[in-house]
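Structural characterization, general
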Amino acid sequence: MEKLYDKYDRLHDYVRLSITDRCNLRCVYCMPKEGLPFFPTDKVLSQDEIVQLIENFAEMGVSKVRITGGEPLLRTDVVDIVRRIKAVDGIEDVSITTNGLFLAKKAEALKEAGLDRLNISLDTFKPDRYQKITRGGNIEQVLNGIEVASKLHFKKIKLNIVLIKGQNDDEVLDFLNYTKDHDVNVRFIEFMPIGNALKSWQKEYVGLKNVFTTCDENNFDYHAIDLSGNGPSDNYQIEGYQGSFGLIHPISSKFCENCNRLRITADGYVKACLYWNEEIDIRKAIPDKKEFRRLIQKSLDRKPLNHEMAMDEEDRIIDKAPTWRHMSQIGG
């Protein structure tokens, strides 16, 4: 088996696969207030195309798949997609990133289909604030979904919190305390300038040092831990707590050095780097494994060493064209 390496000798064994660009929320960091025009159904990869695509990747050494969106649970065939992907020879780990609104209804079927892990977006515990950040979401549905999923013994449940200055950066202690009695990994994520004007992003960006500051101010005894999975977070646990917390800091401490992921958009493009506009249409090549591999390797050969998000030294930026897609159109 000839595995996938880029020119910096990074092994790629992890695919993030968007199965829809549609979402039932309009989160402030993910989509403009007015929403986005969604792809027509025939422009989105079909279930059979998705399975063949993963079979192709598995033959190239990919063993981990994360299903994303938009909101992947909006697809009526999401359970079948999970089941068929998990049955592919060589695929060892299948996970989903979801906003959790439909999780209570689908968690059990997803677990039975073979889903290993869950990432659930939850940027606040306050109902009014949640409604504002998501532009209309009902936090009770999400919390209910987390409760249902927690009883099903997934390998790991992670909560994703994008910290935004003035919106939820005052809730760090609440999320840390949540890990006391809940066996989840709370992940604090830096707000990224994707699909957002740089000046407005700069006003809302906040680094993650205040997570440690909050721990110290509350006399928490915490230590670094190893947490199995595919994410780029640095993970810690407070002494005596069931759960843990992680920090994902693409801006203040780039995670590019060990990047092992490829992203496939819902309309069938491969993006080797989250930030840059570089992408290649691979949909027509899915039935042709030789051509498929050529295009994937072409994408990897063009993958930069770093994403260069928010780089101060503009003269050092290699590619002047950040991605045109909003986060909901990439899959995160």
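Up top you'll find the structure we're talking about.
So, a few notes on the structure that sits alongside this text. These numbers were taken from a predicted model, which means no experiment stands behind them. (Residues numbered from 1 in each chain as written. Predicted model: local features only at pLDDT ≥ 70, side-chain atom pairs only at ≥ 80, totals over all residues. Heavy atoms only, no water.)

**As for the overall build of the protein**
As a reminder of what qualifies: Runs of H or I in DSSP of at least four residues are treated as helices and runs of E of at least two as strands, each being numbered from the N terminus. Burial classification: accessible surface area is computed with a 1.4 Å probe over protein chains only, and a residue below 20% of its type maximum counts as buried, one above 50% as exposed, and the rest as partly exposed. Residues are treated as being in contact if the distance between any of their heavy atoms lies within 4.5 Å. Computed by Shrake-Rupley with a 1.4 Å probe, the accessible areas treat only the displayed protein chains as cover when residues are assessed.
Scanning the protein for helices and strands turns up ten helices and 14 strands. Counting the 332 residues in the protein, one finds 56% classified as buried. Partitioning the intrachain contacts of the protein with sequence separation of at least 6 by distance along the chain shows that 73% fall at a separation of at least 24. Just so you have it, the protein exposes about 14,900 Å², and 46% of that area is on carbon and sulfur atoms.

**What about the side chain of Asn-99?**
Our working rule: Any pair of nitrogen or oxygen atoms within 3.5 Å is treated as a polar contact; in protein, a donor-acceptor pairing is required on top of that, and neighbouring residues in sequence qualify only through side-chain atoms on both sides.
Examined against the element boundaries, Asn-99 turns out to sit in the loop between strand 5 (93–98) and helix 3 (103–113). On the accessibility criterion, Asn-99 (7% relative accessible area) is buried. Here the side chain of Asn-99 touches Asn-24 through a polar contact of 2.8 Å, side chain to side chain. Here Asn-99 is in contact with Cys-23, Asn-24, Leu-25, Glu-71, Ile-120, Ser-121, Tyr-130 and Val-142, once residues within four sequence places are set aside.

**Observations concerning the pairing of strand 8 (residues 185–190)**
We count it as follows: At least two bridges found by DSSP between two strands is the condition for calling them paired. Seen with its strands pointing away from the viewer, a crossover is right-handed if its path from the first strand over the helix to the second goes clockwise.
Among the six residues in strand 8, six count as buried, and that is most of the element. Taking every second residue as pointing to the same face, both faces of strand 8 are buried, with Asn-185, Arg-187 and Ile-189 on one and Val-186, Phe-188 and Glu-190 on the other. With six bridges connecting them, strand 7 (residues 156–163) and strand 8 associate as parallel partners. What sits directly across from Leu-163, in strand 8, is Glu-190. For the handedness criterion, the β-α-β arrangement of strand 7, helix 6 (residues 172–181) and strand 8 is classed as right-handed.

**With respect to the packing of helix 2 (residues 78–86) against helix 3**
Formally: For helices, the axis comes from a line fit to the C-alpha atoms of the stretch in contact; other axes are also lines fit to C-alpha atoms, and the angle between any two N-to-C directions lies between 0 and 180 degrees. Convention used here: angles under 35 degrees read as roughly parallel, angles over 145 as roughly antiparallel, angles from 65 to 115 as roughly perpendicular, and any remaining angle as oblique. Handedness of a crossing follows from how the near helix is turned relative to the far one, being left-handed for an anticlockwise turn of less than a right angle and right-handed for a clockwise one. Three categories are distinguished: nonpolar for Ala, Val, Leu, Ile, Met, Phe, Trp, Tyr, Cys and Pro, charged for Asp, Glu, Lys and Arg, and polar for the others, with Gly belonging to the last.
Here helix 2 crosses helix 3 at 20 degrees, and the two axes come no closer than 8 Å. Accordingly, the angle class assigned to the pair helix 2 and helix 3 is roughly parallel. The hand of the helix 2/helix 3 crossing is right-handed. Contacts between helix 2 and helix 3 involve Val-78, Val-79, Val-82, Arg-83 and Lys-86 from the first element and Lys-106, Ala-109, Leu-110 and Ala-113 from the second. Taken together, the residues of the contact of helix 2 with helix 3 sort by class into six nonpolar, no polar and three charged.

**Section: the sheet that holds strand 8**
Two modes of strand pairing occur in sheets, parallel and antiparallel, and in both the strands are linked by backbone hydrogen bonds. Pairing is mixed across the open sheet formed by twelve strands, whose spatial order is 9-10-11-8-7-6-5-4-3-12-13-14. The sheet is open, and its two borders are formed by strand 9 (222–225) and strand 14 (280–281), each paired with just one other strand. On the sheet, helix 2 packs against strand 3 (14–18), strand 4 (64–68) and strand 5 and is oriented at approximately 155 degrees with respect to strand 5. Packing against the sheet, helix 5 (residues 139–150) makes contact with strand 6 (117–121) and strand 7, and its axis sits at approximately 165 degrees to strand 6.

**Points about the packing of aromatic side chains**
Basically, it comes down to this: By convention, a stacked pair of Phe, Tyr or Trp rings (six-membered ring in the case of Trp) has centres within 6.5 Å and planes under 30 degrees apart, an edge-to-face pair has planes over 60 apart, and any other such pair is tilted.
Counted under the stated rule, the structure contains ten aromatic pairs. Centroid distance Phe-212 to Tyr-236: 5.2 Å. Interplanar angle 85 degrees. Geometry classified as edge-to-face. Note that Phe-212 is positioned in helix 8 (residues 209–217) and Tyr-236 in strand 10 (residues 234–238), a separation of 24 residues in sequence. For Phe-212, a relative accessible area of 24% gives the class partly exposed. For the pair Phe-220 and Tyr-241, a centre-to-centre distance of 5.9 Å together with 65 degrees between the ring planes defines the contact as edge-to-face. Of the two residues, Phe-220 is situated in the loop between helix 8 and strand 9 and Tyr-241 in the loop between strand 10 and strand 11 (244–248); the sequence distance between them amounts to 21 residues. The exposure class assigned to Phe-220 is buried, which follows from its relative accessible area of 15%. Classification of Tyr-241 by relative accessible area gives buried; the value is 14%. Following the ring pairs from residue to residue traces out a cluster consisting of Phe-125, Phe-175, Tyr-178 and Phe-188.

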